[in-house]
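# Fold and geometry: a report
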Amino acid sequence: MSGGRDVYIVGNWKMNQSLEEIDSFLNQISTLNSNNHAWIAPQALHISKCLEKKPGFLKVGSQNCAHEDSGAFTGELSPKSLKEIGVHFTLIGHSERRSLYGEGDDLLYKKTLKALENNLYVIFCIGETLEEREAGKVEEVLSEQLSNGLRDINSKNVLIAYEPVWAIGTGVTASPEQASDAHKFIRNFIKENMKLDSQTTPILYGGSVKPENIKELLSNEDIDGGLVGGASLKADSYINLHKNA
Ligand code: PGA
């Protein structure tokens, strides 16, 4: 993170947490005193509860949203309704959505447009698989995901999360050099090829971020925060991410 940039600590709770665990998390973090942005994305069923009980500084997001506001889309989450209940942001294109639910670039582009139209912040997730890394295709994959998924978008409400798929939930974090190379590439790619502002668009790193490694990751001038799964579930760990950032 370079001087003056904001830092984002975003918890992606995936399909975890009981109501009791959420109560305990929210009680414990109410005293958190951090200069960083504190965001969490609970599973959809728990968004309303989090919105009701959260301390003022905490922003609540969705892990996904639909490409339309309403209609015959059984099981989907309307971006308009998310905004209406007070949701601040949505993840789009998390690798689990891409790989397990077959979400491709065109759909992700449409979802991003709709979310932005509804004034939600979007954390657009990109990242290569281990196979792609080993085949030397990291830059190719990242540039395709960016130029297809975010195309002509020019908005201050977009954040990008670089999450190498092989680092997600595996305990293996990208080395500082690997993260640094990817983040530099992304910022430069945005500068040369896209309408987003390459200087002000936050680029978060995700993939086995923990309180123990967040400081080193953030010492990189192109890393503006962490998208954190496992280590964001417990309040003490989430608080330590903030303290160590
Ligand atoms: P992890 O997940 O921190 O558990 O690796 C990150 C993510 O999937 O966003």
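In the block above lies the structure referred to throughout.
It should be emphasised that the depicted structure is a prediction, and the values quoted were computed from it without experimental measurement.

Across its full length, the protein carries 10 helices and 8 strands. Whereas a compact globule of 245 residues would reach a radius of gyration of roughly 18 Å, the protein reaches 17 Å, a difference of no more than 12%. Counting only C-alpha atoms, the protein reaches 45 × 45 × 35 Å along its principal axes. Every one of the 245 residues in the protein was classed for burial, and the buried ones make up 53%. Within the protein, residue pairs in contact and separated by at least 24 positions form 73% of the contacts whose partners lie at least 6 positions apart. With the model as given, the accessible surface of the protein reaches about 11300 Å², and the carbon-plus-sulfur share is 47%. Across the protein, the mean location of the 25 positive side-chain charges is 5 Å away from that of the 33 negative side-chain charges.

A word on the environment of Leu120. Mapped onto the elements of the fold, Leu120 is located in the loop between α5 (105–117) and β5 (121–126). Taking C-alpha positions, Leu120 is 9.6 Å from Gly86, a pair spaced 34 residues apart along the chain.

Here the focus is the site of the ligand. The immediate surroundings of the ligand are formed by 13 residues, with Lys14, His94, Glu163, Gly169 and Ser208 found nearest. The side chain of Asn12 places a nitrogen or oxygen atom 3.4 Å from an oxygen atom of the ligand. His94 places a side-chain nitrogen or oxygen 2.7 Å from an oxygen atom of the ligand. Burial of the ligand by the surrounding chains reaches 94%, relative to a free accessible area of 280 Å². Residues that form the shell around the ligand fall into these classes: 4 nonpolar, 7 polar and 2 charged.

Time to look at the packing of aromatic side chains. Inspection of the entire model under this criterion finds 7 aromatic pairs. Ring geometry for Tyr8 and Trp39: centres 5.3 Å apart, planes at 80°, overall edge-to-face. With Tyr8 in strand β1 (residues 8–12) and Trp39 in strand β2 (residues 37–41), the pair connects residues that are 31 residues apart, well separated along the chain. Judged by its relative accessible area of 11%, Tyr8 is buried. Since its relative accessible area comes to 3%, Trp39 is described here as buried. With a centroid separation of 5.9 Å and an interplanar angle of 65°, the aromatic rings of Trp39 and Tyr121 are classed as edge-to-face. In this pair, Trp39 sits in strand β2 while Tyr121 sits in strand β5, placing the two residues 82 residues apart along the sequence. A relative accessible area of 28% places Tyr121 in the partly exposed class. The rings of Tyr8, Trp39, Phe89 and Tyr121 are connected pair by pair, giving a single aromatic cluster. Positioned above the aromatic ring of Tyr101, the side-chain terminus of Arg97 is 4.2 Å from the ring centre. In this structure, Arg151 is placed above the aromatic ring of Tyr109, and the distance from its NZ or CZ to the ring centre is 4.1 Å.

Two numbers describe how α5 lies on helix α7 (residues 138–149): the axes approach to 8 Å, and their chain directions differ by 50°. As judged from the angle between their axes, α5 and α7 are oblique. Judged by residue contacts, Asp105, Leu108, Tyr109 and Thr112 of α5 engage Glu144, Gln145, Asn148 and Gly149 from α7.

Between α7 and helix α8 (residues 176–193), whose axes approach to 11 Å, the crossing angle comes to 40°. Classified by the angle between their axes, α7 and α8 sit oblique to one another. Crossing angle aside, the handedness with which α7 passes α8 is right-handed. Seen from α7, the contacting residues are Glu139, Leu142, Ser143, Leu146 and Ser147; seen from α8, they are Ala182, Phe185, Ile186 and Phe189. Its residues assigned to classes, the contact of α7 with α8 comprises 6 nonpolar, 2 polar and 1 charged.

So, on to the state of the cysteines. Tallied over the entire structure, the rule returns 0 disulfides. With no disulfide of its own, Cys65 lies closest to Cys125 among cysteine sulfurs, the gap being 12 Å. Relative accessible area serves as the criterion here: at 1%, Cys125 is assigned to the buried category.

The rules behind each value
Residues numbered from 1 in each chain as written. Predicted model: local features only at pLDDT ≥ 70, side-chain atom pairs only at ≥ 80, totals over all residues. Heavy atoms only, no water. Helix = DSSP H or I, 4+ residues; strand = E, 2+ residues; numbered from the N terminus. Rg over C-alpha atoms; globule rule 2.2 N^0.38 Å. Buried < 20%, exposed > 50% of the residue type's maximum accessible area, 1.4 Å probe, protein only. Contact = heavy atoms within 4.5 Å. Areas by Shrake-Rupley, 256 points an atom, 1.4 Å probe, with all protein chains shown as cover. Lys, Arg positive; Asp, Glu negative; His and termini not counted. Charge placed at Lys NZ, Arg CZ, Asp CG, Glu CD. Near = heavy atom within 4 Å. Polar contact = N/O pair within 3.5 Å; in protein donor to acceptor, adjacent residues only side chain to side chain. Nonpolar A, V, L, I, M, F, W, Y, C, P; charged D, E, K, R; others polar. Phe/Tyr/Trp six-rings, centres within 6.5 Å; stacked < 30°, edge-to-face > 60°. Lys NZ or Arg CZ within 6 Å of the ring centre and 35° of its normal. Axes fitted to C-alpha atoms, helices over the stretch in contact; angles between N-to-C directions. Parallel < 35°, antiparallel > 145°, perpendicular 65-115°, else oblique. Left-handed = near helix turned anticlockwise from the far one by under 90°. Disulfide = S-S within 2.5 Å.

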